[in-house]
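# Architecture at a glance
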Amino acid sequence: MRLSSLADYAVVMMSAAARHACGSRLSATVLAEETGIPLPTAQKLMQRLSHAGLLSSTRGFAGGFRLTRPAAAINLADIIEAVEGPIAMTSCVDDGRHDCALEGSCKVQPHWPQVNDAVRGALAAVPLTRLAEVRS
């Protein structure tokens, strides 16, 4: 399992945002400069993170983006799902998907939801505050 570059960049950007004073407004330009993420990508991610409810935006002179809740209340699963959609280890975990050639005869399929829940739970156990820690 590997995160897409966009999900990885979203984690980097949210971690940088969490290192700023609580409630301070940030621009995509500032976060792009701090993280090295290209500005168009940073702008795209800020919109996705805002749409997912992790960031709020304000227009105008004192505008910008800020975390919608304390960093301790945002976790790694929240950020990944904002970019990638729901975490699903296999297609049979997605409700309504029936594109597996083994559907109907697979003996492992009943166990995938438990595996999926364990992976999502592990990601949800990592708060943004931990990701924002600066280690030397």
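Residues numbered from 1 in each chain as written. Predicted model: local features only at pLDDT ≥ 70, side-chain atom pairs only at ≥ 80, totals over all residues. Heavy atoms only, no water.

## With respect to the overall build of the chain
Test applied: Secondary structure elements are taken from DSSP: a helix is a run of H or I of four residues or more, a strand is a run of E of two residues or more, and numbering for both begins at the N terminus. Type-normalised accessible area, obtained with a 1.4 Å probe on protein chains alone, sets the label of each residue: buried when under 20%, exposed when over 50%, and partly exposed for intermediate values. Only heavy atoms matter for contacts: two residues are in contact if any of them lie within 4.5 Å across the pair. Residue exposure ignores everything except the shown protein chains as possible cover, and the areas themselves are Shrake-Rupley values with a 1.4 Å probe. For the purpose of charge, His is not counted, nor are the chain termini; Lys and Arg are scored as positive and Asp and Glu as negative. Each charge is placed at NZ for Lys, CZ for Arg, CG for Asp and CD for Glu.
The number of helices and strands found in the chain is six helices and two strands. Overall, the chain is about 60 × 30 × 25 Å in size when its C-alpha atoms are taken along their principal axes. Considering the chain as a whole, with its 136 residues, one finds that 32% of them fall into the buried category. For the chain, long-range pairs separated by at least 24 residues make up 60% of all intrachain contacts whose partners lie at least 6 apart in sequence. Accessible surface, the chain as shown: approximately 8400 Å² in total, 54% of it carbon and sulfur. Charge-centre separation for the chain: the mean point of 13 positive side chains lies 5 Å from the mean point of 12 negative side chains.

## Regarding the side chain of serine 15
Its location among the elements puts serine 15 in helix H1 (residues 5-18). On the basis of relative accessible area, serine 15 is assigned to the buried category, the value being 5%. Not counting residues within four places of it along the chain, the set of residues in contact with serine 15 comprises Leu128, Leu131 and Ala132.

## Considerations on the pairing of strand S2 (residues 64-67)
For clarity, the threshold we go by: At least two DSSP bridges between two strands are needed for those strands to be called paired.
Direction of pairing for strand S1 (residues 55-58) relative to S2: antiparallel, over a ladder of four bridges. Bridging from a neighbouring strand, serine 57 pairs with phenylalanine 65 of S2. Counted between consecutive antiparallel strands, the loop separating S1 from S2 contains five residues, among which glycine 60 sits at a positive phi close to 105°.

## Quick word on the pattern of salt bridges
Defined as follows: When a carboxyl oxygen of Asp or Glu lies within 4 Å of a side-chain nitrogen of Lys or Arg, that pair is called a salt bridge.
Summed over the entire model, instances satisfying the criterion amount to two salt bridges. Between arginine 69 and aspartate 78 there is a salt bridge, with its nearest N and O atoms 3.2 Å apart. Residue arginine 69 is classed as partly exposed on the basis of its relative accessible area of 31%. A salt bridge links glutamate 81 to arginine 120; the nearest nitrogen and oxygen atoms lie 2.8 Å apart. Of this pair, glutamate 81 sits in helix H4 (residues 76-84) while arginine 120 sits in helix H5 (residues 112-124); the two residues are 39 residues apart in sequence, bridging distant segments of the chain. What makes glutamate 81 partly exposed here is its relative accessible area of 24%.

## As for H4
Counting along an α-helix, one turn takes 3.6 residues, and residues three or four places apart therefore face a common direction. Note the cut-off: The term polar contact refers here to a pair of N or O atoms within 3.5 Å; inside protein, the definition further demands a hydrogen-donor-capable atom paired with an acceptor-capable atom, and it admits residues adjacent in sequence only when both atoms are side-chain atoms.
Burial within H4 is extensive, with seven of its nine residues counted as buried. Along H4, the residues that are buried comprise Leu76, Ala77, Asp78, Ile79, Ile80, Ala82 and Val83. Contacts from the buried residues of H4 go to H1, helix H3 (39-51), H5 and helix H6 (128-132). With a side-chain oxygen positioned 2.9 Å from the backbone nitrogen of alanine 77, the residue opening H4 is asparagine 75. Downstream of H4 by a residue or two, glycine 85 has a phi angle that is positive, lying close to 90°.

## Thoughts on the nonpolar core
Defined as follows: Note on terminology: a nonpolar core comprises buried Ala, Val, Leu, Ile, Met, Phe, Trp, Tyr and Cys residues joined through side-chain atoms within 4.5 Å.
With 34 residues, the main nonpolar core has Met14, Leu49, Leu67, Ile79 and Leu128 as its most contacted residues. If you list the elements that add at least two residues to this core, you get H1, helix H2 (28-35), H3, S2, H4 and H6. Here this core takes eight residues from H1, the largest share from any one element. Once you skip the residues sitting within four places of it in the chain, leucine 128 turns out to touch Met14, Ser15, Ala18, Leu67, Ala71, Ile74, Asn75 and Ile79.

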